[in-house]
Amino acid sequence: GNPQQLAEQIASLQKSGDLPRAVPSTLAGGAQAPQEVRNPANLAEVVGYVSVGTKEDIALAFDKAGQARKAWDDAGATHRAVCLVAAADKLRAHRAELVRLLVKEAGKTLPDAIAEVREAEDFCRYYAAEARAHFAEPTALPGPTGEENKLSLRGRGVFACISPWNFPLAIFLGQVTAALVAGNSVVAKPAESTPLVAALAVRLLHEAGVPHDVLHFVPSAGKLFGEVALKHPALGGVCFTGSTSTAQFINRALAARDGAIVPLIAETGGINAMIVDSSALLEQVADDVLTSAFTSAGQRCSALRLLFVQEEIADRLIELIAGGMNELHIGDPSQPSTDVGPVINKSAASKLEDYSKKVAQRGVKVLKQCDLNQVRTEGSYFAPRMLELNNARELTSEEFGPILHVVRYKRENLHSDVLASIREAGYGLTLGVHTRIESVWQEIVAEAAVGNIYINRNIIGAVVGVQPFGGEGLSGTGPKAGGPHYLFRFATERTLTVNTVATGGNAKLLSIGS
Ligand code: UN1
């Protein structure tokens, strides 16, 4: 229907009390008129509407989540794990709908969308299993005779979960389910451009047994959400995935709070590199570079930005990559043959264009640019390209899109130039190495302060439970999502020490006295 009609319908439902004000979703929401969500691949298409929460909606969600948290924590990890497994089953049952939304709302290609639903399901099952293993029973610790020590894990309070548009289902659900299963209640803010798939995920979690007051969904403007959430007294923790600068902003806001000290779990950006030496298998390298740099239109924080190539093989590798770029199908992501879809919106596309112009003015060489003539719809498309830099230090910004930068290096400068420039940039998310000499990659691994290092393969697509994902330095706080240490940071530890001798004695004295 048209937005006006929908706004009126929502307003009348709200008056009649059928819709909760604090739980905006695609059909429910705050006082404001619903906003359109557009398809990035076809800007004329409205995918749905979202009602954006007001300050009051956000505050009310935190109030209610604060009241609901203790009962949820007391219900125990086994119960919460059961809810997560039920949610995983529901994700599987709704796969077609979720894939459709990921394609339409986020411009995901079909393979990306299918993989993302699977990843969301994996997060639910993995965190459920981890919670059963570590949260269900207190750990008994040794003590002297006559003393009993037990360590238990409890939720911290209300977690604010703030997630990005590039994985609007998997990262959104990964954050939320980790916080929930550890015993917290949650107020979740989806990314502004991708609220619809997140809304469906929340509905499925509610249907799977997570109480409405334990999980609140508040689409809202980032700044407004931050203003309310970061000051709210019930806040127990923040889980954030997005830009480094926003994580730093959240960190400062948390530091300025009065009262309890609240932790931040942040997964941020990267200037990710791949190092290719002259012993590498070039056809395989070219394939892995194309996958790493251009899958998801380069909009992954794991994506390859900086390709260091030993000078002897640089021309040959560049030629192979350029040849591969000729074969990339760019266009409507709902077509099964599409390799690269649009970027998330017009403003992202124009930022990438501005960046390209700026570097061209500085004399950066364009080695290859894909052709957009094949694109049939009016969307936010940006042509993948390969640029050549003289020096890696020229790359300072976290551009988020299909732009690959190539830098040639001399073998004798591997440490002084390549590894030093990676270290100086200060990011540490993903790194790739292609070499057939074991000692070369071992040398690099020993020196690199990077969270996920991949040898002789592509550098994206970390698998839950297999390749825990997350960075160091400017790339995040850890712990790693989908890894065995993740849930602990969402919890607080309680040590209970009982003097069993005295306790027994006191009990006797008391009973004699009474
Ligand atoms: C992100 O892009 O924000 O390994 C992180 C990967 C994904 C990256 C997710 N897990 O490609």
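In this text, all values refer to a predicted model and were calculated from it rather than measured experimentally.

The rules behind these values
Residues numbered from 1 in each chain as written. Predicted model: local features only at pLDDT ≥ 70, side-chain atom pairs only at ≥ 80, totals over all residues. Heavy atoms only, no water. Axes fitted to C-alpha atoms, helices over the stretch in contact; angles between N-to-C directions. Helix = DSSP H or I, 4+ residues; strand = E, 2+ residues; numbered from the N terminus. Parallel < 35°, antiparallel > 145°, perpendicular 65-115°, else oblique. Left-handed = near helix turned anticlockwise from the far one by under 90°. Contact = heavy atoms within 4.5 Å. Near = heavy atom within 4 Å. Polar contact = N/O pair within 3.5 Å; in protein donor to acceptor, adjacent residues only side chain to side chain. Areas by Shrake-Rupley, 256 points an atom, 1.4 Å probe, with all protein chains shown as cover. Nonpolar A, V, L, I, M, F, W, Y, C, P; charged D, E, K, R; others polar. pLDDT = per-residue confidence, 0-100. Buried < 20%, exposed > 50% of the residue type's maximum accessible area, 1.4 Å probe, protein only. Lys, Arg positive; Asp, Glu negative; His and termini not counted. Salt bridge = Lys/Arg side-chain N within 4 Å of Asp/Glu carboxyl O.

Asker: Describe the packing of helix α3 (residues 77–93) against helix α5 (residues 110–134), listing the residues and the values that go with them.
Answerer: Where α3 meets α5, the closest approach of the two axes is 8 Å, and the angle between their N-to-C directions is 165 degrees. Taken together, the axis directions place α3 and α5 in an arrangement best described as roughly antiparallel. Here α3 and α5 pass one another in a crossing that is left-handed. Contact residues: A77, T78, A81, V82, L84, V85, A87, A88, D89, L91 and R92 in α3; V117, A120, E121, C124, R125, Y127, A128, A131 and R132 in α5.

Asker: Help me get a handle on the site of the ligand, residues and values and all.
Answerer: Around the ligand, the neighbouring residues are N166, F167, I171, E267, R300, C301, S302, I460, G461, A462 and F469. Interatomic distance of 2.9 Å between a side-chain N/O atom of N166 and an oxygen atom of the ligand. Here the ligand loses 95% of its free accessible area of 320 Å² to cover by the protein chains. Residue composition of the shell around the ligand, grouped by class: 6 nonpolar, 3 polar and 2 charged.

Asker: Outline the confidence of the model for the chain, listing residues and values.
Answerer: On average, residues of the chain score 92 in pLDDT, and 91% of them reach the 70 mark or higher. Overall, residues 13–30 carries pLDDT values under 50, and its contacts beyond four positions in sequence, including any with other chains, amount to 44 contacts. Low pLDDT (under 50) marks residues 507–514, which in the prediction has 0 contacts with non-local residues, meaning those over four places away or in another chain. This prediction of the complex comes with two scores: 0.92 for pTM and 0.95 for ipTM.

Asker: Can you break down the environment of D73 residue by residue, with the values?
Answerer: Mapped onto the fold, D73 is located in helix α2 (residues 55–74). The class for D73 is buried, based on a relative accessible area of 5%. In this structure, the C-alpha to C-alpha distance between D73 and S296, residues 223 residues apart in sequence, is 37 Å. The contacts of D73, once residues within four sequence positions are left out, are R80, R154, G155, A182 and G183.

Asker: Give me the side chain of E267: which residues, what numbers.
Answerer: Considering the arrangement of structural elements, one finds E267 in strand β9 (residues 264–267). In this structure E267 is buried but unpaired, with K480 as the nearest side chain of opposite charge at 9.2 Å. Discounting residues that sit within four places of it in the chain, E267 has contacts with F240, T241, G242, C301, L429, F469, G470, S475 and G476.

Asker: Can you break down the pattern of salt bridges residue by residue, with the values?
Answerer: What the rule picks out here adds up to 23 salt bridges. As a salt-bridge pair, D74 and K70 come within 2.7 Å of each other at their nearest N and O atoms. Of the two residues, D74 and K70 both sit in helix α2, 4 residues apart, roughly one turn of that helix. For the salt bridge of E424 with R393, the shortest nitrogen-to-oxygen distance reads 2.8 Å. You can see E424 sitting in helix α13 (residues 414–425) and its partner R393 sitting in the loop between β13 (385–388) and β14 (403–409), a full 31 residues away along the chain. With a relative accessible area of 53%, E424 lands in the exposed category. Beyond isolated ion pairs, a larger network of salt bridges with shared partners links R69, K70, D73, D74, R80 and R154.

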